[in-house]
Amino acid sequence: MAKRLVWFTAGAGAGAAGATYLRRKLRQATQRAAPVRANSNASARVKAAASEARAALAEGTAAVRRYRAEVARRALEDPPGR
């Protein structure tokens, strides 16, 4: 009976030590593999792209308004069929 208790204790201790070692090694490997600030960099790039898109849209809208105003002005100055 004493032998069984010794072997059970040795096996449980070895299992706990192995699990602790494996957990530590896995945590270190995931920290090395993960990009440092990928989330904030990606977020900043998305925000910058959205800002550029809004600016381009506003510029395009302003150009269309200027064009339509110019066409309307020309139509009033020189009506068709004259």
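Refer to the structure above for everything that follows.
Residue numbers here run from 1 along each chain, matching the order of that chain's written sequence. Local features are withheld for residues below a pLDDT of 70 in this predicted model, meaning they are given only at 70 or higher, and side-chain atom pairs are given and counted only at 80 or more; totals for whole chains, interfaces and linings count all residues. Neither water nor hydrogens contribute to the side-chain values; these are computed over all heavy atoms in the structure.

## A word on the pattern of salt bridges
Working step 1: The term salt bridge refers to a side-chain nitrogen of Lys or Arg lying within 4 Å of a carboxyl oxygen of Asp or Glu. Enumeration according to the criterion identifies three salt bridges in this entry.
Working step 2: Across the pair Glu 70 and Arg 74 runs a salt bridge, and its minimum N-O distance is 2.9 Å. Of this pair, Glu 70 and Arg 74 both sit in helix α2 (residues 38-77), four residues apart, which is roughly one turn of that helix.
Working step 3: When its relative accessible area of 27% is taken as the criterion, Glu 70 is described as partly exposed.
Working step 4: With a 1.4 Å probe rolled over the protein chains alone, any residue whose accessible area is under 20% of its type maximum counts as buried; one over 50% counts as exposed, and the rest are partly exposed. Judged by its relative accessible area of 54%, Arg 74 is exposed. Helix numbering and strand numbering both begin at the N terminus, where a helix is a DSSP run of H or I of at least 4 residues and a strand a DSSP run of E of at least 2.

Any functional reading would require information beyond the geometric quantities listed.
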